[in-house]
Amino acid sequence: STPHPRFIVTGGAGFVGSHLVRRLADAFGPGQVKVVDSFQRGHITRFQRDTGSWIINPQRDICALDLRVPQQAERYLRGADYVYHLAEVGPCTAPHLTVFQDNVLISSNTLKAGRVNAIRNFIYVSSACSPAHRAVRERHGAAVDSTATAAAATAYVISKLTGEYEGELVMSVASGFYF
């Protein structure tokens, strides 16, 4: 219910997300960063400093919810200038159908919520453990590890690529949506 958080970080209680939250909170101050996380793999203790003080206010700035539910995604992604989308299920080596389906649902619901809520800056964070990203990175002119091959693609990797592709499609049809 806090008006106009500047940044929303989905999956913010994970390892990478919590580091991003820490940097954003340090740079932009209290109340500017909100975390949306299911806490299946993330930990609230990642928002505590060594002194025991909090990086963000746990009662006000953390929303524990499941982004597989479209209504929750739409409700909690309102008002931000930026959404950093890191939420996922994993691990990246998981070959399971449910990992693929859950990640596709999470990304699809979050992208739709970004569009519905007119979020102008949507940053989709994919996966470093994805050798199959070679073609995507080449297409966007990013550096490519010459040892990467698509042969190591897992359900997780394909789900993250699907999210990237959907994000590009959403961006192409939504005016004012930057991905």
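The preceding data block contains the structure.
Let us look at the structure shown here. Nothing here was measured: the structure is a model prediction, and the numbers come from that model.

On inspection of all chains with the given rule, the structure shows three aromatic pairs. Put simply, the rings of Phe7, Phe28, Tyr82 and Tyr84 pair up and form one aromatic cluster.

So, about the pairing of strand E4 (residues 82-85). Pairing between strand E1 (residues 7-10) and E4: four bridges, direction parallel. Counterpart to Ile8 in the pairing with E4 is Val83. One ladder, built from four bridges, connects E4 with strand E5 (residues 121-124); its direction is parallel. Within E5, the position partnered with Tyr84 by the bridge is Ile123.

What follows covers unusual backbone geometry. Positioned with a positive phi, Phe39 is a non-glycine residue whose angle comes to about 60°. Residue class for Phe39 comes out partly exposed when judged on its relative accessible area of 24%. Even without being glycine, Ala118 reaches a positive phi, approximately 55°. Mapping Ala118 onto the fold places it in the loop between helix H4 (97-116) and E5.

Moving on, we come to the sheet that holds strand E2 (residues 33-37). Hydrogen bonding along the main chain pairs the strands of a sheet, whether they run parallel or antiparallel. The strand order across the open sheet built from five strands is E3-E2-E1-E4-E5, with neighbouring strands paired in parallel fashion. Each having just a single partner strand, strand E3 (62-64) and E5 make up the two edges of the open sheet. Along the sheet, successive strands turn relative to each other by an average axial angle of 15°, direction set aside. As judged from the three bridges shared by E2 and E3, these two strands associate in the parallel manner. Note on E3: the bridge partner recorded for Val36 is Cys63. Relative to the sheet, helix H1 (residues 15-28) contacts E1, E2 and E4, its axis offset from that of E1 by approximately 170°. Strands in contact with H4 are E1, E4 and E5; relative to E5, the strand with the most contacts, it is inclined by about 165°.

All right, on to the pattern of salt bridges then. Across all of its chains, the model carries eight salt bridges by this definition. Between Glu88 and Arg41 there is a salt bridge whose closest N-O contact spans 3.3 Å. Taken together, the residues span a long stretch of sequence, with Glu88 in the loop between E4 and H4 and Arg41 in the loop between E2 and helix H2 (58-61) at a distance of 47 residues. Between Glu88 and Lys160 there is a salt bridge, with its nearest N and O atoms 3.4 Å apart.

Rules used throughout
- Position numbers for residues count from 1 along each chain, tracking the sequence in the order it is written.
- Where totals are concerned, whole chains, interfaces and linings use all residues; where local detail is concerned, this predicted model gives features only for residues with pLDDT of at least 70, and gives and counts side-chain atom pairs only at 80 or more.
- Computation of side-chain values covers all heavy atoms of the structure but excludes hydrogens and water.
- The pairing test for Phe, Tyr and Trp rings, Trp by its six-membered ring, is centres within 6.5 Å, and the orientation test on the planes gives stacked under 30 degrees, edge-to-face over 60, and tilted for anything in between.
- Only strands that DSSP links by at least two bridges are regarded as paired with each other.
- A run of H or I in DSSP becomes a helix once it reaches four residues, and a run of E becomes a strand once it reaches two; helices and strands are each numbered from the N terminus.
- Partly exposed describes any residue whose relative accessible area lies between the buried limit of under 20% and the exposed limit of over 50%, with all areas from a 1.4 Å probe on protein chains only and scaled to the type maximum.
- Throughout, an axis means a line fitted to C-alpha atoms (over the contacting stretch in the case of helices), and angles, computed between N-to-C directions, take values from 0 to 180 degrees.
- Note on definitions: a residue-residue contact is assigned when non-hydrogen atoms from the two residues lie within 4.5 Å.
- Here, a salt bridge means any side-chain nitrogen of Lys or Arg that lies within 4 Å of a carboxyl oxygen of Asp or Glu.

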